[in-house]
Amino acid sequence: MNRRTELRAFLQSRRARLSPSEVGLPTFGGVRRVPGLRREELAQLAGVGIDYYVRLEQGRNDKVSASVLDAVARALRLDELERVHLHNLARPDRNRRHPPAADSVSEGTQWLLDNMPDTAVFAMGRRTQVLAWNRPASKIFLDFDPVPERNLALLVYRQPAIRQLVLDWQVMARHIVAWLRLEVGRHPENPETNAFIAELAATDPDFLRLWNEQDVVDPMHGTYRLRHPLLGSLTSTFRTLLLPEDPDQLLIVYALEPTPSGPGEAESAIWSTPPDHGPVLQGCCPTHDIATFIVRGSGLT
């Protein structure tokens, strides 16, 4: 996994999804050896020379202009998120400093999480590391405290409890890939990120399949349906907020939508009654099995 590999795979995948007839080019009949547009066809549409485009796709043209990339993006019919991703991969800012990833949040961010008692929130760092969380997040998703490696990608792809909890697991799995893909765009030559992605791709076929699709989706908002072992069926809508003091840290804020039992009743029951914690992963807490709950004083053990 490196910038050149990702750039080549991304451009090839975007060419493959367009046919000549879609962009007004003749097909001349016969069987095409490659799906979608050929390199020379894309170069023609973008108004650049074929050799120039080949060097771009192979990652051998770091001095490509923004106007050329925009022309390629238009020819490939990229959306805005895909266009930005193309710029990030094709024009890396080698003069930009990339400080080591923080392993904690600031006091101000922790204060914010602690003072949101009715909203599940956790802070995520680079490589989807879970840096901080509040009590509602522990109750709805997972008791992160005893988890030795608090990483959202590893939890989503490797823990059966998460697949049982999240009915829309495929949606969450795609969001994980999207967060990692955007990080590769921001830090294309970061060896730790590339090694982490390579490890996931080598050990999890679901991750490898989604990563190879090269889809660039917006992971900043969405909705998940949950099958909570104690609280029943829930629908959680999330928004992702950027922290201005650290652009590599995100706040993911979840809000529970009203259930048929009546507006607000589900939320008030969740926050005012036990349990204090959500699912406990097997092996992290010796006295609890997977998808069980620590319930204090409720008689629901």
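Residues numbered from 1 in each chain as written. Predicted model: local features only at pLDDT ≥ 70, side-chain atom pairs only at ≥ 80, totals over all residues. Heavy atoms only, no water.

Enquirer: Looking at this structure, how should I read the packing of aromatic side chains?
Expert: Two numbers describe a pair of aromatic rings. These are the distance of the centres and the angle of the planes. If you walk through the whole model with that rule in mind, you get 9 aromatic pairs. Ring centres of Phe122 and Phe144 lie 5.9 Å apart, and the angle between their planes is 55°; on these two criteria the pair is classed as tilted. With a gap of 22 residues between them, Phe122 in strand 1 (residues 120-124) and Phe144 in the loop between helix 7 (135-140) and helix 8 (152-158) connect regions that are remote in the sequence. Assessed through its relative accessible area of 2%, Phe144 is described here as buried. Arranged with centres 5.7 Å apart and planes meeting at 20°, the rings of Phe207 and Trp211 form a pair that is stacked. Of this pair, Phe207 and Trp211 both sit in helix 12 (residues 205-212), 4 residues apart, which is roughly one turn of the helix. For Phe207, a relative accessible area of 0% translates into the label buried. Among the aromatic side chains, those forming a connected cluster through ring pairs are Phe122, Trp133, Phe141, Phe144, Tyr224, Phe238 and Tyr254. The lysine or arginine in question, Arg163, covers the ring of Trp169, its NZ or CZ lying 3.9 Å from the ring centre. (Phe/Tyr/Trp six-rings, centres within 6.5 Å; stacked < 30°, edge-to-face > 60°. Helix = DSSP H or I, 4+ residues; strand = E, 2+ residues; numbered from the N terminus. Buried < 20%, exposed > 50% of the residue type's maximum accessible area, 1.4 Å probe, protein only. Lys NZ or Arg CZ within 6 Å of the ring centre and 35° of its normal.)

Enquirer: In this structure, what is going on with the pairing of strand 2 (residues 130-133)? I would like to understand it.
Expert: Here strand 1 pairs with strand 2 via 3 bridges, running antiparallel. Each bridged residue has a counterpart across the sheet, and for Met124 the counterpart in strand 2 is Val130. Linkage of strand 1 to strand 2, two consecutive antiparallel strands, is achieved through a turn of 5 residues, within which Arg127 is found at a positive phi near 60°. (Pairing = 2+ DSSP bridges.)

Enquirer: Could you clarify how one ought to interpret the environment of Leu18 in this entry?
Expert: Mapped onto the elements of the fold, Leu18 is located in the loop between helix 1 (3-16) and helix 2 (39-46). A C-alpha to C-alpha distance of 8.8 Å links Leu18 and Arg77, two positions 59 residues apart in sequence.

Enquirer: Looking at this model, I keep getting lost on helix 2. Mind explaining?
Expert: Residues that lie three or four places apart on an α-helix share one face, since the helix turns once every 3.6 residues. When we look at burial in helix 2, the residues that qualify are Glu41, Leu42, Ala43 and Ala46. Contact partners of the buried residues in helix 2: helix 1, helix 3 (50-57) and helix 4 (66-75). (Contact = heavy atoms within 4.5 Å.)

Enquirer: Looking at this model, I keep getting lost on the confidence of the model for the protein chain. Mind explaining?
Expert: Note that predicted coordinates carrying low pLDDT should not be read in detail. The predicted model of the protein chain averages 80 in pLDDT, with 80% of residues at 70 or higher. When the criterion is pLDDT under 50, residues 262-274 qualifies, and its contacts beyond four places in sequence or with other chains add up to 21 contacts. Here residues 283-301 is a poorly scored stretch, pLDDT under 50, and it has 42 contacts once near neighbours within four places are set aside; other chains count. (pLDDT = per-residue confidence, 0-100.)

Enquirer: Is there a simple way to think about the nonpolar core in this case?
Expert: Generally speaking, soluble globular proteins have nonpolar side chains that are buried together. Formed by 69 residues in total, the largest nonpolar core has its most connected members in Val72, Leu86, Tyr157 and Phe207. Per-element tally for this core: the top contributor is helix 10 (residues 169-186), with 8 residues. Residues in contact with Phe207, not counting those within four places in the same chain, are Tyr157, Val177, Leu180, Ile197, Leu200 and Ala201. Counting residues in hydrophobic clusters, the runner-up holds 9 residues, among them Ala123, Leu243, Leu251 and Val253. (Core = buried A, V, L, I, M, F, W, Y, C linked by side-chain atoms within 4.5 Å.)

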